[in-house]
Amino acid sequence: MFPMPLAPDTALAVAPDVLGSLAAMSVGVIVLGHDLRVSVWNRWVESHSGIAESEALGRSLETLFPEVRDSYFLGAVHGAVNGGYPSVLAPSLHAPVFPFFVAPGVDTERMRQQIHVIPLAGGSGCLVQIIDANAAWHRESTLKRKHVLLEESLELQERLLQQLEGNKTELQQQVRERTAQLEELAGQVQDLSEHERAQLARELHDELGALMTAIRIDVTRLTSQSEASIERRERALKNIDQAIQIKRRIMEGMRPTLLDNFGVVVAIRELAREKAAVNSWRFHIDLPDEEMPIPEQLSITLYRVCQEALTNAAKYAEATELRLSLRAGKGVLVLEIIDNGVGMPAARDARQGGHGISGMQHRVLARGGTLEIGSAEPHGTRVLARIPF
Ligand SMILES: Nc1ncnc2c1ncn2[C@@H]1O[C@H](COP(=O)(O)OP(=O)(O)OP(=O)(O)O)[C@@H](O)[C@H]1O
Ligand SMILES: [Mg+2]
């Protein structure tokens, strides 16, 4: 808190009417003459010193406050009056600059006062201005408090975000686990239903097939030659043959014998040929070697996906041309079925469809693969399944 000398030519000439308005200001104003006697003592100084203007006027500062002797403040006053140097005395916590202007009962008030000592023109005295920095101090401390609160709420927000992030990861993990469980379950259900279909097909073949063949043999052996008997025998044989056909069709639908007997490549080729003939499609087929060893469960998945994709193409695509390919890549089998038809409807309509596409999806997912259904170029639908192999 050393006086800070400014240039000597900044000395003020203060007119008496200006001094009058200084008296009413809300800062402390004291004007001292060249003999250091008080000529202005405004209301702020009155209330902060407890000394009335009438008491102070005409008295020297040292008389009013013996404590100022040898103080920095008095040094600054002498510098202004005798040398024409203005000074600014800033407060410090341990050494209040002007300890006399203290609001009664508020001892710390003086710590926050700043004093300007300004010389008057021609060495006629000086003006002492005491600025109460309290309001600024209050504003600053309020701002600091707000800043702390803001930082605290930012920290809280950060913590909440981290917590949310943690919960999100946990939820994602749960969703992944549940999805994996559901996929496994769907796979098991499909395996079970395939197993039952195969068993039913076998029973149809063994039991019903054997029975029908036996009936057919018996009927052919009926010897009566009456016209009515011959006619009835012919009719019975026709009905039996028709029943055998129906049984075969049901069996094939449940479990194509080709699949079990010759493998998936032959079964898909046959399926494609049959569908192409029924729907008058030009068919391009690209299949791997028939000997290629494909595990049974995977064969069934591939066959069922082909079956559903071709059925859908027949039902909805109005296509004239179809392409089917099955290729073995690095550890993956890629099945692609493309039609040149009208293409899939808008997403909303497709959702109203049946269970064919979701069934394909489940089958492929259950084998750890992916299924994409999209548009073909220049038009039509493309079904693409990739299954680890
Ligand atoms: N190749 C295709 N071309 C045009 N639209 C198709 C094709 N494949 C499927 N779709 C559309 O997708 C919808 C859903 O097919 P999905 O196989 O799931 O059901 P579905 O065939 O209607 O019934 P389900 O298969 O249960 O008998 C169909 O209703 C049809 O509108
Ligand atoms: Mg379908």
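Nothing here was measured: the structure is a model prediction, and the numbers come from that model.

**Considerations on empty space enclosed by the protein**
Line of reasoning, step 1. Per the stated rule, a full pass over the model turns up one cavity of 30 Å³ or more.
Line of reasoning, step 2. In this model, the largest cavity occupies a volume close to 50 Å³.
Line of reasoning, step 3. Surrounding the largest cavity, Q190, D191, E194, Q297, I300, T301, R363 and R367 form its lining.
Line of reasoning, step 4. For the lining of the largest cavity, the secondary structure elements donating two or more residues are α6 (134-221) and α10 (296-317).
Line of reasoning, step 5. Residues of the lining of the largest cavity, tallied by class, amount to one nonpolar, three polar and four charged.

**A look at the pairing of strand β9 (residues 370-375)**
Line of reasoning, step 1. When β9 meets strand β10 (residues 381-388), the two strands line up antiparallel, connected through six bridges. If you follow S375 over to β10, its bridge partner there is T381.
Line of reasoning, step 2. Connecting β9 to the next strand, β10, in antiparallel fashion are five residues, including G380 with a positive phi near 115 degrees.

**What to know about the site of ligand 1**
Line of reasoning, step 1. In the vicinity of ligand 1, 17 residues are found, and the nearest of them are N312, Y316, G354, H355 and I357.
Line of reasoning, step 2. Between I357 and ligand 1, the recorded distance is 2.8 Å, taken from a backbone N or O atom to an oxygen atom.
Line of reasoning, step 3. When isolated, ligand 1 has an accessible area of 600 Å², and the protein chains bury 82% of it.
Line of reasoning, step 4. The leading source of residues in the shell around ligand 1 is α10, at six residues.
Line of reasoning, step 5. Of the residues in the shell around ligand 1, the class split is seven nonpolar, seven polar and three charged.

**Re the sheet that holds strand β7 (residues 321-328)**
Line of reasoning, step 1. Ordered by their spatial adjacency, five strands build an open sheet running β6-β7-β8-β10-β9, and the pairing between neighbours is mixed. Here the strands that pair on one side only, and so sit at the sheet edges, are β6 (282-286) and β9. Pairs of neighbouring strands in the sheet enclose a mean axial angle of 10 degrees, with direction left out of account.
Line of reasoning, step 2. Contacts between α10 and the sheet are confined to β6, β7, β8 (332-339) and β10, with β8 contributing the most and set at about 10 degrees to the helix.

**Quick look at the packing of helix α9 (residues 264-279) against α10**
Line of reasoning, step 1. The N-to-C vectors of α9 and α10 enclose an angle of 10 degrees; their axes lie 10 Å apart at closest approach. Classified by the angle between their axes, α9 and α10 sit roughly parallel to one another. Facing α9, whose interface residues are V264, A267, I268, L271, A272, K275 and N279, α10 presents S299, L302, Y303, C306, Q307, L310, T311 and A314.
Line of reasoning, step 2. Here the contact of α9 with α10 is built from residues that sort into ten nonpolar, four polar and one charged.

**Some remarks on unusual backbone geometry**
Line of reasoning, step 1. With omega at -5 degrees, the peptide bond leading from E377 into P378 counts as cis.
Line of reasoning, step 2. Positionally, P378 belongs in the loop between β9 and β10.
Line of reasoning, step 3. Of note, L36 is a non-glycine position whose phi angle comes to about 65 degrees, a positive value.

**Notes on the pairing of β7**
Line of reasoning, step 1. Bridge count between β6 and β7: five bridges; the pairing is parallel. Opposite F283, over in β7, you have L322 as the bridge partner.
Line of reasoning, step 2. Once the chain exits β6 it traverses α10 before rejoining the sheet at β7, and the crossover so formed is left-handed.
Line of reasoning, step 3. As paired elements, β7 and β8 share seven bridges and run antiparallel to each other.

**Remarks on a negative patch on the surface**
Line of reasoning, step 1. A contiguous patch of negative charge on the surface is contributed by E151, E152, E155 and E158.
Line of reasoning, step 2. Note on placement: E151 falls in helix α6.
Line of reasoning, step 3. Its relative accessible area of 43% is what places E151 among the partly exposed residues.

Calculation criteria
- Residues numbered from 1 in each chain as written.
- Chains lettered and ligands numbered in written order.
- Predicted model: local features only at pLDDT ≥ 70, side-chain atom pairs only at ≥ 80, totals over all residues.
- Heavy atoms only, no water.
- 1 Å grid on protein atoms, 1.4 Å probe; cavity = no way out; pocket = protein on both sides within 12 Å on 5 of 7 lines; lining within 4 Å.
- Points joined across faces, edges and corners; volume = space filled by probe spheres on them.
- Helix = DSSP H or I, 4+ residues; strand = E, 2+ residues; numbered from the N terminus.
- Nonpolar A, V, L, I, M, F, W, Y, C, P; charged D, E, K, R; others polar.
- Pairing = 2+ DSSP bridges.
- Near = heavy atom within 4 Å.
- Polar contact = N/O pair within 3.5 Å; in protein donor to acceptor, adjacent residues only side chain to side chain.
- Areas by Shrake-Rupley, 256 points an atom, 1.4 Å probe, with all protein chains shown as cover.
- Axes fitted to C-alpha atoms, helices over the stretch in contact; angles between N-to-C directions.
- Contact = heavy atoms within 4.5 Å.
- Parallel < 35°, antiparallel > 145°, perpendicular 65-115°, else oblique.
- Right-handed = clockwise from strand over helix to strand, strands pointing away.
- Patch = residues over 30% accessible without salt bridge, like charges linked within 9 Å, V, L, I, M, F, W, Y side chains within 5 Å.
- Salt bridge = Lys/Arg side-chain N within 4 Å of Asp/Glu carboxyl O.
- Lys, Arg positive; Asp, Glu negative; His and termini not counted.
- Charge placed at Lys NZ, Arg CZ, Asp CG, Glu CD.
- Buried < 20%, exposed > 50% of the residue type's maximum accessible area, 1.4 Å probe, protein only.

These values are about where atoms sit, not about what they do.
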